[in-house]
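Listed below are the residues making up each chain.
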Amino acid sequence: MICQECQQRPATLHFTKIVNGEKTEFHICEHCAREKGELIPGTSGGFSIHNLLSGLMDFDAGNKAKVAGTPAQQLQCPECGMTYVQFRKLGRFGCSSCYQTFDRQLDPMLKRVHGSTAHSGKLPARAGEQIKVRRQVNELRQQMQQRIAEEEFEQAAQLRDQIRELDKQISQES
Amino acid sequence: MPNLRFTEKPLSEWMQKGGDYSDVVISSRVRIARNLVHQPFPIIASTEQAQQVRERLTAALQDEGVQAQGPFEPLVLDELDDVDKEVLMEKHLISPNLINDSRAGAVLLAENESVSIMINEEDHLRIQCLYPGFQLEEAWQRATAIDDAFERVVDYAFDDRRGYLTSCPTNLGTGLRASVMLHLPALAIMNQIGRILSAVSQVGLAVRGLYGEGSEALGNIFQISNQITLGLSEQEIIDNLHSVVMQIIEYEQHARSRLLDESRLRITDRIMRSYGILSYATMMDAKEAFQRISDVRLGVDLGLIDRASAGQMNELLIMTQPGFLQKTFGVKMGSGERDKYRAQMIRDTLSDVHVAD
């Protein structure tokens, strides 16, 4: 089979990209794969999922940057120093803070990979407690605002005390 | 001196005991990825940082809750020689990644090898439970209990919205990869494998060979695993995989009974020929070995041969791998010599056990 890019050399790389159920087949030679950039990693390890991911990132970041005027290229994780460019190249994060740093770039990619952007599974027992309490606090705050708006200050004060109590719990645990 | 027990015996418990549907399902595996908070992920961590992570996680073994899940024996990768590492990989207890790309890598092994916990692989912690036969739920229950035990003593990187944070976004959320290793010889013989596997990939599952990512499906062995880790609960992921595998089992069993009905003589001949070649050949490459072993295993499962057992065939799959051959015969070998030793290993194993267990 001849490479579909250059139509000259024999195709040595054959793979199928499936994005949202849409299949695209690729038959290309190593030379063209390299030309296209990032399809083959620098090592001889072969084609990997990380390279596909960065492809997805690239596409989205390009679009986003134009719309929001965000210089995604300049983002850098304050904790581990990973830059956006490095992240794209590796297709992997450097530390847990990277998820906040590159948050705006992630949703479209996660949607493509997982069909979803939010976790709905297990919560860690200890940290999970805190998350539950935090959610509860947020709910109580909303209720309190409502009471205030309705000028039911006595109930609002009760809610405020509950919130303080829970806040104390959170700060003790962390 | 690291404990060599794990590399000397060929059989892990997952290969010996049957489990459900063991005529089709070789093993069920669940792996969960976890990371420590405020520690760079292994791909960019310095050697000192990686060592810190290893120390912290090995120290967690002292905790009562973790001990109750074990006991686990820590093996430090740098203290093992190359052959031992290869053997652990061939037994599916560690990944090629841990051997090649990890700094300060280690593995915590349970006595019966049904649990292996890799440290500093792509993520800080990868808890893997490997059970014989079709036991996905059991493997998941075990893995999540071990996860809980670790979580009591170390702080995980977890985000309210994104879930468990992993180095690669493909593991994000639950960090859960569940997979089932299937032996599908009848579907392969009847040329139905392609159709089924492409259907599988359309429902968000991936198909791979015996040794995971990038490996060829030798010996009609296929690994089917979930791709999606985010947005579904762990139970949904396990249940989805379970129901798809259940259907594949039915197809395979149906194909087997058709083989018996329609071409009993032909299939018996094929199985006996393979048994004969395995018993007497003096050279055998890996590809042929896999195919012949697959034939004989099918013969055992169909009740057409009583001179071999399924456990024996599972054992041979591992024992004919390069690392294991080198370990057993104690010589460094090129691929030509390896074919000689592989044939010898197979002959010895088959003549050793005449009575099926």
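None of these values were measured; they are calculated from a predicted model.

Asker: Just checking my understanding: could you explain the overall build of chain B for this structure?
Answerer: The helix and strand inventory of chain B stands at 14 helices and 10 strands. For 357 residues, the compact-globule estimate of 2.2 N^0.38 gives 21 Å, and chain B sits close to it at 21 Å. Taking the principal axes of its C-alpha atoms as reference, chain B extends roughly 65 × 45 × 30 Å. Taking all 357 residues of chain B together, 57% fall into the buried category. Of the roughly 14,200 Å² of accessible surface on chain B, a fraction of 47% belongs to carbon and sulfur atoms.

Asker: For this particular structure, what's the right way to read the nonpolar core?
Answerer: For soluble globular proteins, nonpolar side chains are generally found buried alongside one another. Residues B:Val30, B:Phe72, B:Ile117, B:Phe150, B:Leu182 and B:Ile248 are the most contacted members of the largest nonpolar core, which totals 85 residues. Sorting elements by how many residues they give to this core places helix H10 (residues 234-280) of chain B first, with 15 residues. Counting the residues that make up this core, at least three belong to each of domain 1 (5-251) and domain 2 (264-350) of chain B. Residues contacting B:Phe150, with those up to four places away along its chain left out, are B:Leu57, B:Ala60, B:Val66, B:Leu108, B:Ile117, B:Leu125 and B:Tyr156. In terms of nonpolar packing, the next biggest core, distinct from the first, is built from 17 residues, A:Phe87, A:Leu106, B:Phe41 and B:Leu230 among them.

Asker: Is there a simple way to explain the interface of chain B and chain A in this structure?
Answerer: Size of an interface: often given as the accessible area lost when the parts come together. Between chain B and chain A, the contact holds 43 residues from the first and 37 residues from the second. Contact between chain B and chain A buries roughly 3,300 Å² in total, counting both sides, with carbon and sulfur atoms accounting for 55%. For B:Asp147, the salt bridge goes to A:Lys122, with nearest N and O atoms at 2.6 Å. Elements that contribute at least two residues to the side of chain B that touches chain A include exactly helix H7 (136-153), strand E6 (158-159) and strand E7 (163-164) of chain B. Per-element tally for the side of chain B that touches chain A: the top contributor is H7(B), with six residues. In terms of residue class, the side of chain B that touches chain A is made up of 17 nonpolar, 13 polar and 13 charged.

Asker: Whenever I open this one, the sheet that holds strand E8 (residues 176-183) of chain B confuses me. Can you help?
Answerer: Backbone-to-backbone hydrogen bonds pair the strands of a sheet. The strands run either parallel or antiparallel. Residues and elements named next belong to chain B. Overall, antiparallel pairing links the eight strands, which are arranged E2-E3-E4-E5-E1-E8-E10-E9 in an open sheet. In this open sheet, the two edge strands, each paired with only one partner strand, are strand E2 (72-76) and strand E9 (205-208). Strand-to-strand twist in this sheet, taken as the mean axis angle between neighbours without regard to direction, amounts to 20°. Looking at chain direction, E8 and strand E10 (residues 221-226) are connected through five bridges and run antiparallel. Residue pairing in the sheet places Met181 in a bridge with Gln223 of E10.

Asker: I tried to follow the domain arrangement of chain B on my own but got confused; where do I start?
Answerer: All names here are of chain B. Along its sequence, chain B is carved into domain 1 (5-251) and domain 2 (264-350). Between the C-alpha centres of domain 1 and domain 2 there is a distance of 27 Å. Tallying the contact residues gives 27 residues for domain 1 and 21 residues for domain 2. Taken together, both faces of the contact between domain 1 and domain 2 bury some 2,100 Å²; the carbon and sulfur share is 66%. Linking Lys327 and Asp84 is a salt bridge whose minimum nitrogen-to-oxygen distance equals 2.7 Å. Of all the elements in the fold, those that place two or more residues in the side of domain 1 that touches domain 2 are helix H1 (5-8), helix H2 (13-16), helix H5 (82-90) and helix H8 (185-189). Here the side of domain 1 that touches domain 2 takes five residues from H5, the largest share from any one element. Partitioning the side of domain 1 that touches domain 2 into residue classes produces 13 nonpolar, six polar and eight charged.

Asker: Is there a simple way to explain the layout of surface pockets in this structure?
Answerer: The probe, sized like a water molecule, is rolled over the atoms to show the empty space still left. There is about 540 Å³ of room inside the second largest pocket. Breaking the lining of the second largest pocket down by element, the ones donating at least two residues are helix H6 (125-149) of chain A together with E6 of chain B. The element best represented in the lining of the second largest pocket is H6(A), accounting for five residues. A class-by-class count of the residues in the lining of the second largest pocket yields nine nonpolar, six polar and seven charged.

Asker: So what exactly am I meant to see when it comes to the confidence of the model for chain B here?
Answerer: In the predicted model, chain B carries a mean pLDDT of 89, and the fraction of residues at 70 or more is 92%. Of the two predicted TM-score estimates for the complex, the pTM is 0.79 and the ipTM is 0.80.

Asker: It is not clear to me how empty space enclosed by the protein should be interpreted in this structure. Could you clarify?
Answerer: Residues and elements named next belong to chain B. Scanning the entire structure with this criterion turns up three cavities of 30 Å³ or more. In this model, the largest cavity occupies a volume close to 50 Å³. If you go around the largest cavity, the residues you meet are Ile26, His183, Gly219, Ile221, Phe290, Ile293, Ser294, Arg297, Met313 and Leu317. Listing elements by their share of the lining of the largest cavity, those giving two or more residues are helix H11 (286-301) and helix H12 (310-319). When residues in the lining of the largest cavity are grouped by element, the largest group, four residues, is from H11. For the lining of the largest cavity, the residue count by class is six nonpolar, three polar and one charged. There are two domains that each give the lining of the largest cavity at least three residues, and those are domain 1 (5-251) and domain 2 (264-350).

Asker: Hey, could you run me through the pattern of salt bridges in this one?
Answerer: If the charged atoms of two oppositely charged side chains come close together, the side chains can form a pair. All names here are of chain B. Considering all chains together, one arrives at 26 salt bridges over all chains under this definition. Residue Arg126 is joined to Glu122 by a salt bridge in which the shortest nitrogen-to-oxygen separation is 3.4 Å. You can call Arg126 buried: its relative accessible area is 7%. Residue Glu122 is classed as buried on the basis of its relative accessible area, which comes to 9%. Salt-bridge contacts for Arg256 lead to Glu252; the nearest nitrogen and oxygen are separated by 2.6 Å. With a gap of four residues between them, Arg256 and Glu252 both fall in helix H10, about one helical turn apart. Across the pair, Glu252 and Arg256 agree in class, each one buried.

Asker: What should I look at first to understand the UniProt feature "coiled-coil region" (unreviewed entry) in chain A in this one?
Answerer: Under the local residue numbering, the UniProt record ascribes the feature "coiled-coil region" (unreviewed entry) to residues 134-169 of chain A. When the span residues 134-169 of chain A is considered, its composition is 92% helix and 0% strand, and the gap between its end C-alpha atoms is 10 Å.

Asker: I'm lost on the pairing of strand E1 (residues 25-34) of chain B in this one. Help?
Answerer: Within a regular strand, side chains alternate between the sheet's two faces. Residue and element names in this part refer to chain B. With 10 of 10 residues buried, E1 is to be regarded as a mostly interior element. Pairing between E1 and E8: seven bridges, direction antiparallel. Note that in E8 the partner of Ile32 across the bridge is Leu176.

Rules and cut-offs
Residues numbered from 1 in each chain as written. Chains lettered and ligands numbered in written order. Predicted model: local features only at pLDDT ≥ 70, side-chain atom pairs only at ≥ 80, totals over all residues. Heavy atoms only, no water. Helix = DSSP H or I, 4+ residues; strand = E, 2+ residues; numbered from the N terminus. Rg over C-alpha atoms; globule rule 2.2 N^0.38 Å. Buried < 20%, exposed > 50% of the residue type's maximum accessible area, 1.4 Å probe, protein only. Areas by Shrake-Rupley, 256 points an atom, 1.4 Å probe, with all protein chains shown as cover. Core = buried A, V, L, I, M, F, W, Y, C linked by side-chain atoms within 4.5 Å. Domains from an automatic or database assignment. Contact = heavy atoms within 4.5 Å. Buried area = accessible area lost by both parts, 1.4 Å probe. Salt bridge = Lys/Arg side-chain N within 4 Å of Asp/Glu carboxyl O. Nonpolar A, V, L, I, M, F, W, Y, C, P; charged D, E, K, R; others polar. Pairing = 2+ DSSP bridges. Axes fitted to C-alpha atoms, helices over the stretch in contact; angles between N-to-C directions. 1 Å grid on protein atoms, 1.4 Å probe; cavity = no way out; pocket = protein on both sides within 12 Å on 5 of 7 lines; lining within 4 Å. Points joined across faces, edges and corners; volume = space filled by probe spheres on them. pLDDT = per-residue confidence, 0-100. UniProt positions renumbered as here; feature names shortened; annotations may be inferred.

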